[in-house]
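# Residue-level structure breakdown
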Amino acid sequence: MNEFLDRVFLENTIEQWLVLISVVTLVALLNPLVGRLLGMLIYQSFRRRAPAKGTRFTQLILRPLEMLIILVAISAVLAFMNYPRQLDFEMFGIHMRRLLQVMMELTLSANIAWLFLRLADFIGELLGSRAAKTDSTQDDQYVLFMRDVLKVLIYLLVLFVVLGSVFDLNINSLLAGAGIAGLAVALAAQDSLANLFGSLTIFSEKPFIMGDLVETNGIQGTVEKVGFRSTRIRTLDMTYVTLPNRKIMESAMNNLSERTFRRVHYTVGLPYSTELPVLRNIVRDIQVLLDRHEKTSEDGIASFYAFGASSLDIQVIYFIKEIEYNAYLRIREEISLQIMQIVLQNGGQFAYPTTTIHLPKQEAQQIIPGANPGV
């Protein structure tokens, strides 16, 4: 038995290979249990702030934690094994041993980054649940932004670790040269920097917050997220529009949620055959309606405005107190129907585009034989 275990295969004994296989198998079998136990131990750091989030925490970090355990176990066993001579060659000018080492370290780094990104998501959800309990949506906006900033910092940290530990680059030299390369990078990424400064301006000046109805760049909708680079708006057509923060800050921003009234302005056209007393009564009754309606302000006005191309035009301007769009439409419809009823009750009619042609007598008789003069 000992002779069999002492046999060498790929520069390692059968016993060493069995140890590797046993460790990998054992870790694979116990991995779910070990992962949950480690997850619960890590969760103790958040227990006071999130006493009921243990299950959610485990769901987020379990898979990256299980993968990390397997990678660490394999790395630990391989450290005690001999490198096979059969793999003693170069590929793309890099020794195979170094290439395998770099691949393993990159995999570990990616897995650690995955784990920390999941922790960032959990922290974001934890802060988001607290922000949702407040009346203001401004703190919800901050939570989403800070979560994105935290993820960017994680990416940068992992990048520097990979450059320093995996590729053996001098981080101090890189940071020292950052000032020289900074100008070139800034010029190449000026749009990204402009979007970043745009997001910072949005948070400092607060032209809008999440949930506000805004109109900018020809787009009208509700702000759903203010991100690190862009702002996402849900339009009235329920489409999802992503606008760079730079464009938002460079364009006019109309925060419709900040207005106290919705303005309505249209024209009611009566035919030229309408008698003057009828016109006056219609204008008077519309004005009374605007003044007495409980959902309009006292600034509404109805007046005979102009002699139109085919109608006597009554201008109607009023302000609805309801801001919510669907409710606004219902009130506007109600008032419009009442104006229609006022016109009809006073004996009026609604004008429509008409054209009257007057021809000299001779031309009229040529076009229409027997036509009366002046027609």
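Here goes a summary of the coordinates provided. (Residues numbered from 1 in each chain as written. Predicted model: local features only at pLDDT ≥ 70, side-chain atom pairs only at ≥ 80, totals over all residues. Heavy atoms only, no water.)

### Overview of the overall build of the protein chain
A tally of helices and strands in the protein chain yields eleven helices and twelve strands. With 375 residues in all, the protein chain has 32% of them scored as buried. In the protein chain, 62% of the contacts between residues at least 6 apart in sequence involve partners at least 24 apart. For the protein chain, the exposed area adds up to about 23,900 Å²; of that, 60% sits on carbon and sulfur atoms. (Helix = DSSP H or I, 4+ residues; strand = E, 2+ residues; numbered from the N terminus. Buried < 20%, exposed > 50% of the residue type's maximum accessible area, 1.4 Å probe, protein only. Contact = heavy atoms within 4.5 Å. Areas by Shrake-Rupley, 256 points an atom, 1.4 Å probe, with all protein chains shown as cover.)

### Describing unusual backbone geometry
The backbone phi angle of Asn-217 is positive, close to 55 degrees, even though this residue is not glycine. Its location among the elements puts Asn-217 in the loop between strand S5 (213–216) and strand S6 (219–226). Of the residues examined, Asn-217 reaches a relative accessible area of 38% and is grouped as partly exposed. The phi angle at Met-238 is positive, at roughly 65 degrees, despite the residue not being glycine. In this structure, Met-238 sits in the loop between strand S7 (230–235) and strand S8 (240–244).

### Comments concerning helix H9 (residues 276–292)
When the terminal C-alpha atoms of H9 are compared, their 25 Å separation across 17 residues agrees well with the 24 Å that a helix rising 1.5 Å per residue should span. Those residues of H9 not exposed but buried are Val-278, Leu-279, Ile-282, Val-283, Ile-286, Gln-287, Leu-289 and Leu-290. Across the axial projection of H9, the buried residues extend over an arc of 170 degrees, all falling on one side. Of the residues in H9, the exposed ones pointing more than 90 degrees away from the buried face are Arg-280 and Arg-292. (Expected span 1.5 Å × (residues − 1). Arc of directions from axis to C-beta.)

### Quick word on the pairing of S6
One face of the sheet, then the other: side chains in a regular strand alternate in exactly this way. Note: S5 against S6, four bridges, orientation antiparallel. When the bridges of S6 are listed, Glu-215 appears paired with Gln-220. Hairpin connection of S5 to S6: two residues between the antiparallel strands, including Asn-217 at a positive phi of 55 degrees. Taking the residues between adjacent antiparallel strands as the criterion, S6 and S7 are bridged by three residues. (Pairing = 2+ DSSP bridges.)

### A short note on the packing of aromatic side chains
Taken as a whole and assessed by the stated rule, the structure comprises two aromatic pairs. Residues Tyr-266 and Tyr-318 carry aromatic rings whose centres are separated by 6.4 Å and whose planes lie at 90 degrees to one another, so their mutual orientation is edge-to-face. Residue Tyr-266 is found in strand S10 (residues 262–270), and its partner Tyr-318 is found in strand S12 (residues 312–320); the two are separated by 52 residues along the sequence. Residue Tyr-266 is classed as buried on the basis of its relative accessible area of 18%. A residue is classified by how much of its surface remains accessible, and Tyr-318, at 0% relative accessible area, is buried. With 5.2 Å between their ring centres and 85 degrees between their planes, Phe-304 and Phe-307 make a pair best called edge-to-face. (Phe/Tyr/Trp six-rings, centres within 6.5 Å; stacked < 30°, edge-to-face > 60°.)

### So, the pattern of salt bridges
The full count for this structure, using the stated rule, is five salt bridges. A salt bridge links Arg-330 to Glu-333, with the nearest nitrogen and oxygen atoms 3.9 Å apart. Remark: Glu-333 and Arg-330 occur in helix H10 (residues 325–345); sequence separation between them is three residues, near one turn of the helix. By relative accessible area, which is 43% here, Glu-333 ends up partly exposed. (Salt bridge = Lys/Arg side-chain N within 4 Å of Asp/Glu carboxyl O.)

### Regarding the side chain of Ser-310
Looking at the secondary structure, you find Ser-310 in the loop between strand S11 (301–307) and S12. Ser-310 gets classed as buried once you look at its relative accessible area, which sits at 19%. If we ignore the near neighbours within four places in the chain, the residues touching Ser-310 are Tyr-272, Ala-351, Tyr-352, Pro-353 and Thr-354.

### Brief notes about the packing of H9 against H10
Their axes nearest at 9 Å, the elements H9 and H10 cross at an angle of 150 degrees. By the criterion of interaxial angle, the relationship of H9 to H10 is roughly antiparallel. In the crossing of H9 with H10, the sense of the turn from one axis to the other is right-handed. Between H9, through Ile-282, Asp-285, Ile-286, Leu-289 and Leu-290, and H10, the contact on the second element is made entirely by Ile-335, Gln-338, Ile-339, Ile-342 and Val-343. For the contact of H9 with H10, the per-class residue count stands at eight nonpolar, one polar and one charged. (Axes fitted to C-alpha atoms, helices over the stretch in contact; angles between N-to-C directions. Parallel < 35°, antiparallel > 145°, perpendicular 65-115°, else oblique. Left-handed = near helix turned anticlockwise from the far one by under 90°. Nonpolar A, V, L, I, M, F, W, Y, C, P; charged D, E, K, R; others polar.)

### What to know about the side chain of Arg-262
Take Arg-262: it is sitting in strand S10. Look at Arg-262: it is buried, it has no salt bridge, and the nearest opposite charge is Glu-324 at 7.5 Å. Reaching out from Arg-262, the side chain makes a polar contact with the backbone oxygen of Ile-323 at a distance of 2.7 Å. Not counting residues within four places of it along the chain, the set of residues in contact with Arg-262 comprises Leu-213, Tyr-318, Phe-319, Ile-320, Glu-322, Ile-323, Tyr-325 and Tyr-328. (Lys, Arg positive; Asp, Glu negative; His and termini not counted. Polar contact = N/O pair within 3.5 Å; in protein donor to acceptor, adjacent residues only side chain to side chain.)

### Topic: the nonpolar core
Counting 23 residues, the largest nonpolar core has Val-268, Ile-286, Ile-314, Val-316, Tyr-318 and Ile-339 as its most contacted members. Elements represented by at least two residues in this core include exactly S10, H9, S12 and H10. Here this core gets seven residues from one element, more than from any other, and that element is H9. Apart from the residues within four sequence positions on either side, Val-268 is in contact with Leu-312, Asp-313, Ile-314, Val-316, Ile-339, Val-343 and Phe-350. Counting 13 residues, the second largest nonpolar core, distinct from the first, contains Phe-145, Val-149, Ile-202 and Ile-219. (Core = buried A, V, L, I, M, F, W, Y, C linked by side-chain atoms within 4.5 Å.)

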